[in-house]
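Analysis of the macromolecular model
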Amino acid sequence: MTDDVDRRRFLRRAAGAGAGVGALALGTAMGARGVAEAAPPGHGVSGSPVLGTWRGVVTLPHEDEVALFTFLPGGFFLSFAQGIHIATGRWEATGRRTVTFLLWQVLPHDLKGQPLRYNGEVRALHHAQVNGDRLTSEGTYRALDIDGNEVGRGPVSATATRFDISTF
C-alpha cells in the first residue's frame, strides 16, 4: 500500500473519529516518514547556516501567513503558521548558503478551531537562500482533499529572519 493511500485512510479515520491532536501527531510522524524517503537525512546538513528558528511570512496566491520555521540537525524541519497550520518535513543543504526543504501539512476542517476533523493536506517544495540572518525561498505547493484529489497548486514564497536568544 502506498504512503498516499495510508495518509488518506488515516485522514478519513481522523475526520470520522474526531481524533484531535493525537491524530495530528500521528499524521505528522507519517508525513515525516514519507518526506524522509524523498530526502535522505543527514546529507550535507552539518553546520549549515539555516540551522535554527526563523520567523517570517509565507506568501501564497490567496493569502499571506505569519510563520515560524525550525531547521534541526539531521535534516528535520518543523513549521507553525497562522491558524492550525502545523507542518513537518525534511531539508537538505544544496550549497554553502542554500537549502531545499519539503514539507507535509494536514489541513483541519476549521483552520481557526481545535483540529477535530481534517479535510486534506498540503505539500510544498521550497528552494531557499540564507544571507546572514535573512532567509528567502521560492517554491510550489500542492493541495489535496481528503480523498487525494488535487484541489490547488501554485507558487509559494517565504521571507524570514533568524530568531535566537539575542532577540530577547
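Refer to the structure printed above.
Residues numbered from 1 in each chain as written. Predicted model: local features only at pLDDT ≥ 70, side-chain atom pairs only at ≥ 80, totals over all residues. Heavy atoms only, no water.

1. Quick word on the overall build of the chain
Each helix and strand in the chain was counted, giving 2 helices and 8 strands. For the chain, the α and β elements follow one another from N to C terminus as α-α-β-β-β-β-β-β-β-β. Looking at the chain as a whole, 43% of its 168 residues qualify as buried. Taking all contacts inside the chain whose residues are at least 6 apart in sequence as the whole, residues at least 24 apart take part in 47%. Counting only carbon and sulfur atoms, one obtains 57% of the accessible surface of the chain, whose full area is about 8,700 Å². (Helix = DSSP H or I, 4+ residues; strand = E, 2+ residues; numbered from the N terminus. Buried < 20%, exposed > 50% of the residue type's maximum accessible area, 1.4 Å probe, protein only. Contact = heavy atoms within 4.5 Å. Areas by Shrake-Rupley, 256 points an atom, 1.4 Å probe, with all protein chains shown as cover.)

2. Observations regarding the packing of aromatic side chains
In this structure the tally under the stated criterion is 6 aromatic pairs. Summarising the aromatic geometry, the rings of F69 and F101 are spaced 6.2 Å apart at their centres and angled 55° between planes, so their arrangement reads as tilted. Residue F69 is found in strand 2 (residues 63-72), and its partner F101 is found in strand 5 (residues 98-108); the two are separated by 32 residues along the sequence. The two residues F69 and F101 agree in class, both being buried. Here F71 and F101 contribute two aromatic rings whose centre-to-centre distance is 5.2 Å and whose plane-to-plane angle is 85°, an arrangement assigned as edge-to-face. (Phe/Tyr/Trp six-rings, centres within 6.5 Å; stacked < 30°, edge-to-face > 60°.)

3. Let's talk about the nonpolar core
Grouped together as the largest cluster of nonpolar side chains are 26 residues, with contacts concentrated most on V50, W54, F69, F71, W91, F101 and L135. Among the secondary structure elements, those contributing two or more residues to this core are strand 1 (52-60), strand 2, strand 3 (76-81), strand 4 (85-93), strand 5, strand 6 (118-131), strand 7 (134-145) and strand 8 (150-163). Not counting residues within four places of it along the chain, the set of residues in contact with L135 comprises V50, W54, F71, A128, Q129, V130, A158, T159 and A160. (Core = buried A, V, L, I, M, F, W, Y, C linked by side-chain atoms within 4.5 Å.)

4. Side note on the pairing of strand 6
For strand 6 and strand 7, the ladder comprises 12 bridges, and the chain directions are antiparallel. The partner of H127 across the bridge, within strand 7, is E138. Where strand 6 folds back onto strand 7 in an antiparallel hairpin, the turn is made up of 2 residues, including G132, whose phi is positive at roughly 65°. (Pairing = 2+ DSSP bridges.)

5. Topic: the side chain of H126
The topology assignment puts H126 in strand 6. Polar side-chain contacts of H126 include one of 2.8 Å to the side chain of S137. (Polar contact = N/O pair within 3.5 Å; in protein donor to acceptor, adjacent residues only side chain to side chain.)

6. As for the pattern of salt bridges
This model, assessed by the stated rule, comprises 4 salt bridges. Among the ionic pairs, R142 bridges to E150, the shortest N-O distance being 2.7 Å. With relative accessibility at 39%, the residue E150 sits in the partly exposed group. Notably, a salt bridge pairs E150 with R153, separated by 2.7 Å at the nearest N-O pair. The exposure class assigned to R153 is exposed, which follows from its relative accessible area of 55%. Ionic contacts of the salt-bridge type, sharing partners, join the residues R142, E150 and R153 into one network. (Salt bridge = Lys/Arg side-chain N within 4 Å of Asp/Glu carboxyl O.)

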